[in-house]
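Residue strings, one per chain:
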Amino acid sequence: MNILDAIEARHSVRSYKDDPIPDETRDLLNAYVKHCNKEGNLHISIQYDDPDGFDSRLAHYGNFRNVKNYIVLAGKPGDDFSLRCGYYGEKIVLYAQKLGLNTCWVALTFNKRKVKKLLVPGEALCMVISLGYGETQGIPHRSRSFDNVVKATDYPDWFKKGVEAALLAPTATNQQKFLFAYNDGNVTLSAKGIGPHLETDLGIVKYHFEAGSGYVPKIVR
């Protein structure tokens, strides 16, 4: 499975099987997280065999079931912290998908008190991502149209492929409030309107565009 296959296959999954994640898969995930932390100046970690992270009323309200593994997106607060968490968190999500695992981005419906105890003093928590073998593979979310997220009249095929990959990116409450612009070979990505967790969404969308196009868009605010 290549990265584009993973983008097509990944859907949010909230219910998981009891199957443990094998040691060899954990080793691969941990090594990848270590690489992302170094590159993104973050302190992302994976908690295995820990049901307490989703043992709360909020988790039940969010329809999460049997979550025993989860990814904690954390690090020192600073410039682009939320955007970097989105970018590198989604890299890990798609790597996990390639390993046969399922995931779901979670902003609120987890045991925040428990998870915050895992942080190093001085760190901030962005979000968590549930992880495991899903009872199903999830279902595709409804996407906005291409024209709704693009400001351009003439563009190359690689730009179109990048936007198509971005439209498959998970965003908070599936809001997809982002906008790509193309002008003479230059691509910009910005938030469109207001909504929750837009900075994290921009990071996720940025990675999808890069994976689909091979081009790094410039973030504008």
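A brief look at the structure comes next. None of these values were measured; they are calculated from a predicted model.

Rules behind the numbers
Residues numbered from 1 in each chain as written. Predicted model: local features only at pLDDT ≥ 70, side-chain atom pairs only at ≥ 80, totals over all residues. Heavy atoms only, no water. Helix = DSSP H or I, 4+ residues; strand = E, 2+ residues; numbered from the N terminus. Expected span 1.5 Å × (residues − 1). Buried < 20%, exposed > 50% of the residue type's maximum accessible area, 1.4 Å probe, protein only. Pairing = 2+ DSSP bridges. Arc of directions from axis to C-beta. Contact = heavy atoms within 4.5 Å. Salt bridge = Lys/Arg side-chain N within 4 Å of Asp/Glu carboxyl O. Axes fitted to C-alpha atoms, helices over the stretch in contact; angles between N-to-C directions. Right-handed = clockwise from strand over helix to strand, strands pointing away. Phe/Tyr/Trp six-rings, centres within 6.5 Å; stacked < 30°, edge-to-face > 60°. Lys NZ or Arg CZ within 6 Å of the ring centre and 35° of its normal.

### Description of helix H7 (residues 198–213)
For H7, built from 16 residues, the straight-helix expectation of 22 Å at 1.5 Å per residue is met to within 8% by its first-to-last C-alpha distance of 22 Å. Downstream of H7 by one or two residues, Gly214 has phi in the positive range, about 80°.

### As for the pairing of strand E3 (residues 102–106)
Most of E3 is tucked away, with five of its five residues classed as buried. Judged by which residues are buried, E3 turns out to be covered on both faces: Asn102, Cys104 and Val106 on one side and Thr103 and Trp105 on the other are all buried. Alignment of E3 against strand E4 (residues 124–132), held across five bridges, turns out to be antiparallel. When the bridges of E4 are listed, Trp105 appears paired with Ile129.

### Things to note about helix H6 (residues 157–166)
All buried positions along H6 are accounted for by Phe159, Gly162, Val163, Ala165 and Ala166. The arc enclosing the buried residues of H6, seen along the axis, measures out at 160°, which places them on a common side. Residues of H6 that are buried sit in contact with helix H1 (3–9), strand E5 (150–151), strand E6 (178–183), strand E7 (186–191) and H7.

### With respect to the pattern of salt bridges
By the definition in use, this model includes nine salt bridges. Here Glu135 makes a salt bridge to Arg65, at a shortest N to O gap of 1.6 Å. One end of the pair, Glu135, is in the loop between E4 and E5; the other, Arg65, is in the loop between helix H3 (57–61) and strand E2 (69–75), and 70 residues separate them in sequence. Through salt bridges with shared partners, a single network forms among Asp80, Glu199 and Arg221.

### Comments concerning the sheet that holds strand E1 (residues 45–47)
If you trace the four strands from one edge of the open sheet to the other, you get E1-E2-E4-E3, paired in antiparallel fashion. If you trace the sheet from one side to the other, it starts and ends with E1 and E3, each paired once. When strand polarity is set aside, the average angle formed by the axes of neighbouring strands in this sheet is 25°. Pairing geometry for E1 and E2, over three bridges, is antiparallel. Across the sheet, residue Gln47 finds its bridge partner in E2, namely Tyr70.

### As for the pairing of E6
Relative to E6, E5 is paired through two bridges, and the arrangement is parallel. Paired with Val150 across the two strands is Phe180, which belongs to E6. With respect to chirality, the unit in which E5 leads through H6 into the neighbouring parallel E6 is left-handed. Relative to E7, E6 is paired through six bridges, and the arrangement is antiparallel.

### Some words on the packing of aromatic side chains
A full pass over the atoms with the stated rule returns 14 aromatic pairs. Here the aromatic rings of Phe54 and Tyr70 are separated by 5.9 Å at their centres, their planes lie at 65°, and the arrangement is edge-to-face. Residue Phe54 is found in the loop between E1 and H3, and its partner Tyr70 is found in strand E2; the two are separated by 16 residues along the sequence. Of the two residues, Phe54 and Tyr70, both sit in the buried class. The interplanar angle of 75° and the centroid separation of 4.9 Å between the aromatic rings of Tyr87 and Tyr88 together place this pair among those described as edge-to-face. Chaining the aromatic ring pairs together yields one cluster made of Phe146, Tyr155, Trp158, Phe159, Phe178, Phe180, Tyr182, Phe209 and Tyr215. Sitting over the ring of Tyr87, Lys206 keeps its end group 5.3 Å from the ring centre.

Note that every value here comes from positions in space, so none of it alone points to a role or purpose.
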